[in-house]
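Analysis of the macromolecular model
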Amino acid sequence: MSYFATSARSAVGLVRSGNEDSGLASSRLIAVADGMGGHAAGEVASKIAISTLAQLASIFTNPEIDAESADDIYLNSFHEIDQILKSEVDENPQLSGMGTTLTSLFLRDNSVALLHIGDSRAYRLRGNSFEQLSVDHTVIQELLNQGAISESDIATHPQRSVLTQVLMGEGNLELPLPVFEGKVKDRYLVCSDGLSSVLSEKEIKSLIKGRDRDEAVNALIDATYINGAPDNVTVVIADIVEEVQPDAIVKIGAAQ
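Presented here is a report on the structure given in the accompanying data block. (Residues numbered from 1 in each chain as written. Predicted model: local features only at pLDDT ≥ 70, side-chain atom pairs only at ≥ 80, totals over all residues. Heavy atoms only, no water.)

Moving on to the overall build of the chain. When helices and strands are tallied, the chain shows 6 helices and 12 strands. Computed over C-alpha atoms, the radius of gyration of the chain comes to 17 Å, within 12% of the 18 Å expected from 2.2 N^0.38 for 256 residues, which places it in the range of a compact globule. Counting only C-alpha atoms and orienting by the principal axes, one finds that the chain spans roughly 45 × 40 × 35 Å. Put simply, the chain has 256 residues, and 52% of those count as buried. Looking at the chain alone, contacts between residues at least 24 apart form 73% of all its contacts between residues at least 6 apart. One finds the centroid of the 19 positive side-chain charges in the chain at a distance of 8 Å from the centroid of its 37 negative side-chain charges. (Helix = DSSP H or I, 4+ residues; strand = E, 2+ residues; numbered from the N terminus. Rg over C-alpha atoms; globule rule 2.2 N^0.38 Å. Buried < 20%, exposed > 50% of the residue type's maximum accessible area, 1.4 Å probe, protein only. Contact = heavy atoms within 4.5 Å. Lys, Arg positive; Asp, Glu negative; His and termini not counted. Charge placed at Lys NZ, Arg CZ, Asp CG, Glu CD.)

Now the structure itself:
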């Protein structure tokens, strides 16, 4: 049996007045949600995503449940969150237009399943190899996929932060659940774009390699502040270990 040993932190940044990010960390599950929408609606949306996922985790992380059922319930949490967002907007029309990204990793036996919508990211550091496991749901990514623009065009592109998919209570969610092999000593990073839009992949790798988890989390957040921290920044690092870890789910950011 393997576990996630985690460290997590969420910071407001230097420009925003409130924190619309939420995150969670536990021995089997990590997640980050980046909310959007005016009048503090982003905070509401990201909190709903993380709180709902945390509630469902008691079911899908239960060792008694078979792998296929666990994955189904995990993937279905997208629909649960979407429904709750819709109900919330129906009851409080001033929240109309709120939405949230959600990027999460679930460790089951020696597999790591990725639940992902939006542009928060999941990365894996294995030995010296650092790779992005999630694919951004953005206009930019679609243009890159089509070969319509190059990597060097991204920084100046007017639509660089426009999302193509996000949780907004609109239904129509057809998303995959990629599953990766997990190995002891793998290090996973889940973060909001407050980190990935400020630091390059090379910079992120250099800050998380060879440090303990708490140090790595602080180094990442410090680096965003040095670079002006234009957005909220939320970082969860999880190492796969064999030692039993506490069951508790820690929530950060707006979900606290």
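Okay, back to it.
Contact geometry of helix 1 (residues 41-60) with helix 2 (residues 67-91) gives a least axis separation of 9 Å together with a crossing angle of 145°. For the pair helix 1 and helix 2, the crossing hand works out as right-handed. Across the interface between the two elements, Val44, Ala45, Ile48, Ala49, Thr52, Leu53, Leu56, Ile59 and Phe60 from helix 1 touch Ala70, Ile73, Tyr74, Ser77, Glu80, Ile81, Ile84, Leu85 and Glu88 from helix 2. Considered class by class, the residues forming the contact of helix 1 with helix 2 number 14 nonpolar, 2 polar and 2 charged. (Axes fitted to C-alpha atoms, helices over the stretch in contact; angles between N-to-C directions. Left-handed = near helix turned anticlockwise from the far one by under 90°. Nonpolar A, V, L, I, M, F, W, Y, C, P; charged D, E, K, R; others polar.)

In terms of burial, strand 10 (residues 187-191) is largely enclosed, as 5 of its 5 residues are buried. The two faces of strand 10 match: Arg187, Leu189 and Cys191 on one face and Tyr188 and Val190 on the other face are all buried. Bridge count between strand 7 (residues 121-126) and strand 10: 5 bridges; the pairing is antiparallel. Bridging across to strand 10, Ala122 finds its partner in Val190. Pairing analysis gives 5 bridges linking strand 10 to strand 11 (residues 233-241), with the strands arranged antiparallel. When the sheet's bridge partners are listed, Tyr188 is paired in strand 11 with Ala238. (Pairing = 2+ DSSP bridges.)

Once that is clear, we can look at unusual backbone geometry. Within the chain, Asp109 stands out as a residue other than glycine whose phi angle is a positive 55°. Take Asp109: its relative accessible area is 47%, and that puts it in the partly exposed class. For Asn172, which is not a glycine, the phi torsion comes out positive at approximately 55°. With respect to the helices, strands and loops of the structure, Asn172 is situated in the loop between helix 3 (139-145) and strand 9 (179-181). Look at Asn172 and you get exposed, because its relative accessible area is 75%.

Our focus in this paragraph is the nonpolar core. Nonpolar side chains tend toward joint burial in soluble globular proteins. Within the largest apolar cluster, 32 residues are counted, with the highest numbers of intra-cluster contacts made by Leu53, Phe60, Tyr74 and Leu102. Elements with a minimum of two residues in this core: strand 3 (29-36), helix 1, helix 2, strand 5 (102-108) and strand 6 (111-117). In terms of residue count, helix 1 provides more of this core than any other element does, 10 residues in total. Counting 21 residues, the second largest nonpolar core, distinct from the first, contains Leu125, Leu189, Val233 and Val235. (Core = buried A, V, L, I, M, F, W, Y, C linked by side-chain atoms within 4.5 Å.)

What follows is about the sheet that holds strand 10. An order of 1-11-10-7-8 is seen for the 5 strands of this open sheet, with the pairing classed as antiparallel. In this open sheet, the two edge strands, each paired with only one partner strand, are strand 1 (3-11) and strand 8 (129-132). Ignoring strand direction, the axes of neighbouring strands in this sheet form an average angle of 15°. Two elements, strand 1 and strand 11, share 9 bridges in a ladder whose sense is antiparallel. In the sheet register, Ala11 faces strand 11, and the bridge partner there is Val233.

This is a description of form; function is not addressed.
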